[in-house]
Amino acid sequence: MKKMLSLAALFAALSYATPASAELKIGGDMSVRARAEVNADDPGNNTGDDLKLQYRLRLNGAADLGDGYFFKTMIMSENYAAAGYLDVNATGSENYALTASQIYFGRKTENCSYSVGRIPLNAMNNPIFDITLYPAQPLDCPVAWFNYDRLLGGNYSTKLGEGTLSTTLVVLDNSSTNVANGADLYNGLLNDGYAVDLAYTFTAGKVTIEPQVFAVLTNANVATAGAYAPTALATNVTPLTFGATVSAPVGSGKISGAAFYTSASEKNDAGAKTADYSGYLVRVKGESGPYMAWIDFNNTTNDNAAGAIVKDYTNTFVWAQYKYTAYKGAAGSLTLQPTLRYRASSTETAAGTEVDKSQLRGEFSATVTF
């Protein structure tokens, strides 16, 4: 017993003797959302309409360790693939399981910064990740919805000339199982999907310009359409995506544009073509006070298509929202946001069969930040 008391006294003394620990600041947001979906397919096979009632909780933690070192995290649910929203209509019994979605540390100085961990991508404002990972239908911000806007990796940014150079290395998937020689292009230790993102941001007068390259370095399962796009496009590919975003102030608002091009061409060890596609995405976006809207246009061509395989994908997406601040105080705020989202997609096979699909989503969200 005396030993336990002595040990407790020692820890108490050390707690007074050591420097003060970093203060962890906790904040976040909680929102409820009503979403009406209207779907249409041509020809036939309509998927029907639906009203979804959803909610989301996100907790943000940040700690300043001193001398520029920091730690950040975002805790939310990843059970439902819609940016952490849980659909209470699905089963009638909600179970919102929280997990560390983003979690990273790093250091920021006057001229450079770095971070390592599950780092955020800012995919809502940068479609280069969507066109790379979902080239068949890169609309409706799938990286934010289905990849939760984060990837495991590291980022390093530094001032270079008149701008800032940012370099990010990320891991896209874990495919470490060896493949027999001649069966595929990947084998050995570095089977995992690695990618590097290079961006340089500078200003010319009032115009901000950011050229960017996102290159998949090793074979990765990044182009599989899955449930989101009409059909699978390719697997085990190393696409290269490049383009730029440009933004400028207009009155009290801002207008921006983005254009990105992606392509991949793969052959197996026997010389047979396994993937050959290319596509582009163009975005025009405007912001003014509580209003924000953008329109995306995408076209992707699968040159490896034959017969009933989809050859051409043509997509248009529109997002428009109005954010009304009902209350704002020192401890938080309450905002109300109606949003309109419309996606029109068209596919055509090499044999000439066409399918058109569209989805209209009307949403109303109430969000409290704290």
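Please read all numbers here as calculations on a predicted model, not as lab measurements.

J.: Help me understand the pattern of salt bridges in this model?
T.: A side chain of one charge can pair with a side chain of the opposite charge if their charged atoms are brought near each other. Tallying each qualifying case throughout the model produces 18 salt bridges. The partner of Asp29 in a salt bridge is Arg58, with the nearest N and O atoms 3.1 Å apart. Placement of Asp29 in strand β1 (residues 24–42) and of Arg58 in strand β2 (residues 50–66) is noted, with a sequence separation of 29 residues between them. Note on Asp29: relative accessible area 8%, which makes it buried.

J.: Explain the side chain of Thr300 here, please?
T.: Tracing the backbone shows Thr300 in strand β14 (residues 291–302). Engagement of the side chain of Thr300 in a polar contact is seen with the side chain of Asn298, the distance being 3.2 Å. Not counting chain neighbours up to four residues away, the residues in contact with Thr300 comprise Ile131, Pro135, Leu233, Tyr277, Ser278, Gly279, Lys311, Asp312 and Tyr313.

J.: Explain the packing of aromatic side chains here, please?
T.: Aromatic rings considered in pairs are described by the distance between their centres and by the relative angle of their planes. Taken as a whole and judged by the stated rule, the model has ten aromatic pairs. With 5.8 Å between their ring centres and 35 degrees between their planes, Tyr200 and Phe202 make a pair best called tilted. Look at Tyr200 and you get partly exposed, because its relative accessible area is 22%. Following the ring pairs from residue to residue traces out a cluster consisting of Trp145, Trp294, Phe317 and Trp319.

J.: How should I be thinking about the pairing of strand β15 (residues 310–322) in this particular structure?
T.: Across a regular strand the side chains alternate sides, sitting on one face of the sheet and then on the other. Here eleven bridges tie β14 to β15, and the two strands are oriented antiparallel to one another. Its bridge partner being in β15, Phe297 is matched across the sheet by Thr316.

J.: Can you walk me through a nonpolar patch on the surface in this structure?
T.: A contiguous nonpolar patch, built from Leu198, Val213, Leu240, Phe242, Val250, Ile255, Tyr261, Tyr280, Val282, Val284, Ile295 and Phe297 and spanning about 970 Å² of accessible area, is present on the exposed surface. Elements that contribute at least two residues to the nonpolar patch include exactly β11 (240–250), β12 (253–267), β13 (273–288) and β14. Mapped onto the elements, Phe242 comes out in strand β11.

J.: Just to check I follow, could you spell out the side chain of Asp296 for this structure?
T.: By secondary structure assignment, the location of Asp296 is in strand β14. Among the polar contacts made by the side chain of Asp296, one reaches the side chain of Arg283 at a distance of 2.7 Å. Ignoring sequence-local partners within four residues, the contact set of Asp296 consists of Leu139, Leu281, Val282, Arg283, Asn315, Thr316 and Phe317.

J.: Where do I start with the environment of Asp197 in this structure?
T.: Tracing the backbone through its elements, the reader meets Asp197 in strand β9 (residues 193–204). With relative accessibility at 7%, the residue Asp197 sits in the buried group. Separated by 19 residues in sequence, Asp197 and Val216 place their C-alpha atoms 8.8 Å apart. Residue contacts for Asp197: discarding those within four places in its chain leaves Ser166, Thr167, Thr168, Gln212, Val213 and Phe214.

J.: Help me out: how do you make sense of the nonpolar core in this one?
T.: Among soluble globular proteins, nonpolar side chains are generally buried collectively. Core analysis: the biggest nonpolar cluster contains 38 residues, and Phe129, Val143, Leu172, Val237 and Tyr277 have the highest contact counts within it. Mapped by element, the contributors of at least two residues to this core are α2 (128–133), α3 (142–146), β8 (163–173), β10 (207–216), β12, β13, β14 and β15.

J.: Explanation requested: the pairing of β12 in the structure shown.
T.: Where β11 meets β12, eleven bridges bridge the pair, whose relative direction is antiparallel. Bridge pairing in β12 places Ala248 opposite Ile255. Between the end of β11 and the start of β12, which pair antiparallel, lie two residues, with Gly251 showing a positive phi angle near 60 degrees. Sheet topology note: the β12/β13 ladder contains 14 bridges and is antiparallel. Residue pairing in the sheet places Lys267 in a bridge with Lys273 of β13.

J.: Any chance you could explain a negative patch on the surface here in plain terms?
T.: On the surface, Asp42, Glu348, Glu354 and Asp356 cluster together into a patch of negative charge. Inspection of the secondary structure puts Asp356 in strand β18 (residues 354–369).

J.: Could you clarify how one ought to interpret the confidence of the model for the protein in this entry?
T.: The predicted coordinates ought not to be read in detail in places where the model reports low pLDDT. Chain-level pLDDT for the protein is 87 on average; 85% of the residues reach the 70-or-more range. When the criterion is pLDDT under 50, residues 1–18 qualifies, and its contacts beyond four places in sequence or with other chains add up to zero contacts. When the criterion is pLDDT under 50, residues 181–186 qualifies, and its contacts beyond four places in sequence or with other chains add up to 18 contacts.

J.: What's the story with the environment of Leu152 in this structure? I'm lost.
T.: Within the secondary structure, Leu152 is located in strand β7 (residues 150–160). Excluding residues within four positions of it along the chain, Leu152 makes contact with Gly117, Arg118, Leu169, Val170 and Val171.

Cut-offs and rules
Residues numbered from 1 in each chain as written. Predicted model: local features only at pLDDT ≥ 70, side-chain atom pairs only at ≥ 80, totals over all residues. Heavy atoms only, no water. Salt bridge = Lys/Arg side-chain N within 4 Å of Asp/Glu carboxyl O. Helix = DSSP H or I, 4+ residues; strand = E, 2+ residues; numbered from the N terminus. Buried < 20%, exposed > 50% of the residue type's maximum accessible area, 1.4 Å probe, protein only. Polar contact = N/O pair within 3.5 Å; in protein donor to acceptor, adjacent residues only side chain to side chain. Contact = heavy atoms within 4.5 Å. Phe/Tyr/Trp six-rings, centres within 6.5 Å; stacked < 30°, edge-to-face > 60°. Pairing = 2+ DSSP bridges. Patch = residues over 30% accessible without salt bridge, like charges linked within 9 Å, V, L, I, M, F, W, Y side chains within 5 Å. Areas by Shrake-Rupley, 256 points an atom, 1.4 Å probe, with all protein chains shown as cover. Core = buried A, V, L, I, M, F, W, Y, C linked by side-chain atoms within 4.5 Å. Lys, Arg positive; Asp, Glu negative; His and termini not counted. Charge placed at Lys NZ, Arg CZ, Asp CG, Glu CD. pLDDT = per-residue confidence, 0-100.

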